[in-house]
Amino acid sequence: MSRLAIRPARDADGTAIAGLLAQLGYPAEPQALGARLAALEAGGAAAFVAEADGVVAGLVTVTVLPVLHQDAPVGMLTALVVSDSARQRGVGRALVDRAEAFARERGCGRMIVTTAEPREDAHAFYERMRVRATGGWGCGRRADGGGIRWPEGCAPAGVKSGVDGGTDAGFA
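Residues numbered from 1 in each chain as written. Predicted model: local features only at pLDDT ≥ 70, side-chain atom pairs only at ≥ 80, totals over all residues. Heavy atoms only, no water.

## Section: the overall build of the chain
When helices and strands are counted, the chain shows four helices and six strands. Tracing the chain from N to C terminus, the helices and strands come up as β-α-α-β-β-β-α-β-α-β. Relative to its 172 residues, the chain shows a buried fraction of 47%. The long-range fraction of contacts in the chain, counting pairs at least 24 apart against all pairs at least 6 apart in sequence, stands at 58%. Of the roughly 8900 Å² of accessible surface on the chain, 52% is carried by carbon and sulfur atoms. (Helix = DSSP H or I, 4+ residues; strand = E, 2+ residues; numbered from the N terminus. Buried < 20%, exposed > 50% of the residue type's maximum accessible area, 1.4 Å probe, protein only. Contact = heavy atoms within 4.5 Å. Areas by Shrake-Rupley, 256 points an atom, 1.4 Å probe, with all protein chains shown as cover.)

In structure tokens form, the structure reads like this:
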């Protein structure tokens, strides 16, 4: 893979996005995805694709959630998928980084993600990114650029813990 670009998803990506969503077990009709993309944008969320050598190789969706328990909203990854042929090449990390930047630009102080228990490949990916499971694979990381504050007992070896008032852990 010589060239990787992360960009907003667009209507013309419908067929590629449908194929990626099918890999997650969420079949979608390509022609329905334009309206879904518009609804995401209208709701303050975003979809980004990874384009490798001119081919859509991955997708991430992120939404911003206002929450009652803290001032800053929370960014939530709602979908992340990389095509089988593009895995282990930095595509997933690049997509997560773009989603995190989107959330940070909107004032989010934390990122969260959930993943189904049978998705062992997803769990391994998040672990490589230093995501810590907090039960049911609900995970999070700070998006404020100020570094990670880990709940006591959750930090990896060599990383200083710090209580941030939450029960979910983060990744660096």
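## Regarding the confidence of the model for the chain
Confidence along the chain averages 76 in pLDDT terms, with 65% of residues attaining 70 or more. Counted against residues more than four places away or in other chains, residues 136-172, with its pLDDT under 50, gives 107 contacts. (pLDDT = per-residue confidence, 0-100.)

## A look at the pattern of salt bridges
Within this structure, the stated rule accounts for four salt bridges. One salt bridge connects Asp13 with Arg7, and the closest N-O pair in it is separated by 2.8 Å. Here Asp13 falls in the buried class, since its relative accessible area comes to 5%. In this structure, the salt-bridge partner of Glu51 is Arg7, at a minimum N-O distance of 3.1 Å. With Glu51 in strand S2 (residues 46-52) and Arg7 in strand S1 (residues 4-8), this residue pair connects regions lying 44 residues apart in the sequence. With a relative accessible area of 18%, Glu51 lands in the buried category. The class for Arg7 is buried, based on a relative accessible area of 11%. Salt bridges linked by common partners bring Arg7, Asp13 and Glu51 together as one network. (Salt bridge = Lys/Arg side-chain N within 4 Å of Asp/Glu carboxyl O.)

## Thoughts on unusual backbone geometry
The backbone phi angle of Asp53 is positive, close to 50°, even though this residue is not glycine. The class for Asp53 is partly exposed, based on a relative accessible area of 45%.

## Overview of the nonpolar core
Phe48, Val60, Val62, Leu77, Val91, Leu95 and Phe102 are the most contacted members of the largest nonpolar core, which totals 21 residues. Breaking this core down by element, the ones donating at least two residues are S2, strand S3 (55-65), strand S4 (74-82), helix H3 (91-105) and strand S5 (110-114). When neighbours within four sequence positions are excluded, Phe102 is seen to be in contact with Gly44, Ala45, Ala46, Phe48, Val62 and Val64. Judged by nonpolar contacts, the second largest core, of 14 residues, contains Ala9, Ile17, Ala28 and Leu33. (Core = buried A, V, L, I, M, F, W, Y, C linked by side-chain atoms within 4.5 Å.)

## What to know about the packing of aromatic side chains
In total, this model carries one aromatic pair according to the counting rule given. Measuring from ring centre to ring centre gives 5.9 Å for Phe48 and Phe102, while their planes differ by 70°; the resulting arrangement is edge-to-face. With Phe48 in strand S2 and Phe102 in helix H3, this pair connects stretches of sequence that are 54 residues apart. Here Phe48 falls in the buried class, since its relative accessible area comes to 4%. One cation-aromatic arrangement involves Arg106 over Phe102; the distance from NZ or CZ to the ring centre is 3.6 Å. (Phe/Tyr/Trp six-rings, centres within 6.5 Å; stacked < 30°, edge-to-face > 60°. Lys NZ or Arg CZ within 6 Å of the ring centre and 35° of its normal.)

## A few points about the environment of Gln23
For Gln23, the position within the fold is in helix H1 (residues 14-24). When the C-alpha positions of Gln23 and Val81 are compared, they lie 7.7 Å apart, and in sequence the two are 58 residues distant. Discounting chain neighbours no more than four positions away, the residues touching Gln23 are Val81, Val82, Ser83, Asp84 and Arg87.

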